[in-house]
Amino acid sequence: MELRGDRVVLRAVVEADRAILDRIVAEPEVAAWWSPPQDYDDMWAVVFEGEVIGAVQFDEETDPEFRHAGIDLFLTARRHGEGLGSDTVRTLARWLLDERGHHRLTIDPAAANAAAIGCYTKVGFKPVGVMRRYWRDHRTGDWEDGLLMDLLADEPT
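For every chain, the first residue of the written sequence is number 1, and numbering continues from 1 along that sequence. Owing to the predicted nature of the model, reporting of local features is limited to residues with pLDDT of at least 70; listing and counting of side-chain atom pairs is limited to 80 or more, with chain, interface and lining totals taken over all residues. Hydrogens and waters are ignored; side-chain quantities use all the structure's heavy atoms.

(A) Region of the structure containing helix H3 (residues 84–98). Strands here are runs of E lasting at least two residues and helices are runs of H or I lasting at least four, both read from the DSSP assignment and numbered beginning at the N terminus. For a helix, the expected span equals 1.5 Å multiplied by the residue count minus one. Helix length check: H3 (15 residues) gives 21 Å between terminal C-alpha atoms against 21 Å at 1.5 Å per residue, within 8%. Only protein chains enter the accessibility calculation, which uses a 1.4 Å probe; a residue is then buried when its area is under 20% of its type maximum, exposed when over 50%, and partly exposed in between. Among the 15 residues of H3, 13 are classified as buried, and the element is accordingly described as predominantly covered.

The structure is reproduced here in structure tokens:
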């Protein structure tokens, strides 16, 4: 399956993508927020003009009383600030809302990651609250705060 955004394509990660994604996750600007994944089996490659520029993943809570989905992504630093992150999030969000039937999506960037928070805000995500000592920084071992953001089905921009 393939999802097409305005500028990006989301598709399954293939074997040839793994080394590219490993290099991207090792970039200092990306490694500041992402631990190296063990594998990419639950991710989709983000492709722009034929080049793999990152990966995106989602998780789903299927309990009918709490049904929702969460999104997470990383892009190569060379493409930061070009609107490709917003296009990626918007593309996956539309699919999760329209095709998977979710009424609510969440995303949880590091509270200090202003660029990611700005990207998600452009799509329509709103801050819900700070999750104190939410994620462990793999570089320092310190616990860092996260920002919980959500988007309701009638809110995407």
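(B) Highlighting the pattern of salt bridges. Salt bridges are identified by distance alone: a Lys or Arg side-chain nitrogen within 4 Å of an Asp or Glu carboxyl oxygen. Per the stated rule, a full pass over the model turns up 10 salt bridges. With a closest N to O distance of 3.0 Å, Arg-4 and Glu-2 form a salt bridge. Looking at Arg-4, the relative accessible area reads 62%, which means it is exposed. Looking at Glu-2, the relative accessible area reads 43%, which means it is partly exposed. We note a salt bridge from Arg-100 to Glu-60, for which the minimum N-O separation is 2.7 Å. In this pair, Arg-100 is assigned in the loop between H3 and strand E6 (104–107) and Glu-60 in strand E4 (residues 51–61), connecting sequence segments 40 residues apart. Three or more residues are tied together by salt bridges with common partners; here these are Glu-51, Arg-78, Arg-79 and Glu-82.

(C) A look at the layout of surface pockets. Of the pockets and cavities examined, the largest pocket occupies roughly 810 Å³. Forming the boundary of the largest pocket are 37 residues, of which Trp-34, Leu-73, Asn-113, Ala-116 and Tyr-120 lie nearest the centre. Elements with a minimum of two residues in the lining of the largest pocket: helix H2 (28–31), strand E5 (68–75), H3, helix H4 (114–123) and strand E7 (126–136). Ranked by residues supplied to the lining of the largest pocket, first place goes to H4 with five residues. Taken together, the residues of the lining of the largest pocket break down into 18 nonpolar, 10 polar and nine charged. As defined here, a cavity is a set of points on a 1 Å grid over the protein atoms alone where a 1.4 Å probe fits but cannot get out. A pocket is an open set with protein on both sides within 12 Å along at least five of seven lines, and residues line them when an atom is within 4 Å of a point. Grid points are joined across faces, edges and corners, and a volume is the space filled by probe spheres set on the points. Only Asp, Glu, Lys and Arg are considered charged in this grouping, and only Ala, Val, Leu, Ile, Met, Phe, Trp, Tyr, Cys and Pro are considered nonpolar; every other residue, Gly among them, is considered polar.

(D) Spotlight on the sheet that holds E5. At least two bridges found by DSSP between two strands is the condition for calling them paired. Strands sit in the order E1-E2-E3-E4-E5-E6-E8-E7 across an open sheet of eight strands; the sheet is mixed. In the strand order of this sheet, the two ends are held by strand E1 (2–4) and E7, each with one partner. Ignoring which end each strand starts from, the neighbouring axes of this sheet average 25 degrees apart. Taken together, the three bridges between E1 and strand E2 (residues 8–12) define a ladder with antiparallel strand orientation. Looking at E2, one finds that Glu-2 is bridged to Arg-11. Between N-to-C directions, angles span 0 to 180 degrees; the directions come from axes that are lines fitted to C-alpha atoms, helices contributing only their stretch in contact.

(E) Local environment of helix H1 (residues 15–26). Looking only at H1, the buried set comprises Asp-17, Arg-18, Leu-21, Ile-24 and Val-25. For H1, the buried positions fall inside an angular range of 130 degrees around the axis, keeping them on one side. Along H1, exposed side chains directed more than 90 degrees from the buried face belong to Ala-16, Arg-23 and Ala-26. Only heavy atoms enter the contact rule, under which two residues are in contact if any of them lie within 4.5 Å. Where H1 is buried, its residues contact E2, H2, strand E3 (43–48), E4 and E5. By definition, the arc is the one covered by directions from the helix axis to the C-beta atoms.

(F) The packing of H3 against H4, seen in detail. Between H3 and H4, whose axes approach to 9 Å, the crossing angle comes to 50 degrees. When the interaxial angle is binned, H3 and H4 end up oblique. For the pair H3 and H4, the crossing hand works out as right-handed. Contacts between H3 and H4 involve Gly-85, Ser-86, Val-89 and Arg-90 on the former and, on the latter, Cys-119, Tyr-120, Lys-122 and Val-123. Any angle from 65 to 115 degrees is called roughly perpendicular, while one under 35 is roughly parallel, one over 145 is roughly antiparallel, and all others are oblique. Crossings are classed by handedness, with left-handed meaning an anticlockwise turn of the near helix from the far one by less than a right angle and right-handed meaning a clockwise turn.

(G) Focus on the packing of aromatic side chains. Ring pairs shown here join Phe, Tyr and Trp side chains whose ring centres sit within 6.5 Å, with only the six-membered ring taken for Trp; geometry is labelled stacked below 30 degrees between planes, edge-to-face above 60, and tilted in between. Under the criterion given, the structure shown has six aromatic pairs. Aromatic pair Trp-34 and Phe-74: ring centres 4.8 Å apart, planes at 70 degrees, arrangement edge-to-face. With a gap of 40 residues between them, Trp-34 in the loop between H2 and E3 and Phe-74 in strand E5 connect regions that are remote in the sequence. One exposure class covers both Trp-34 and Phe-74, and it is buried. Ring geometry for Trp-44 against Phe-58: centres 5.8 Å apart, planes inclined by 80 degrees, an arrangement best described as edge-to-face. Of this pair, Trp-44 sits in strand E3 while Phe-58 sits in strand E4, and the two are 14 residues apart along the sequence. Residue classification places Trp-44 among the buried positions, given a relative accessible area of 15%.

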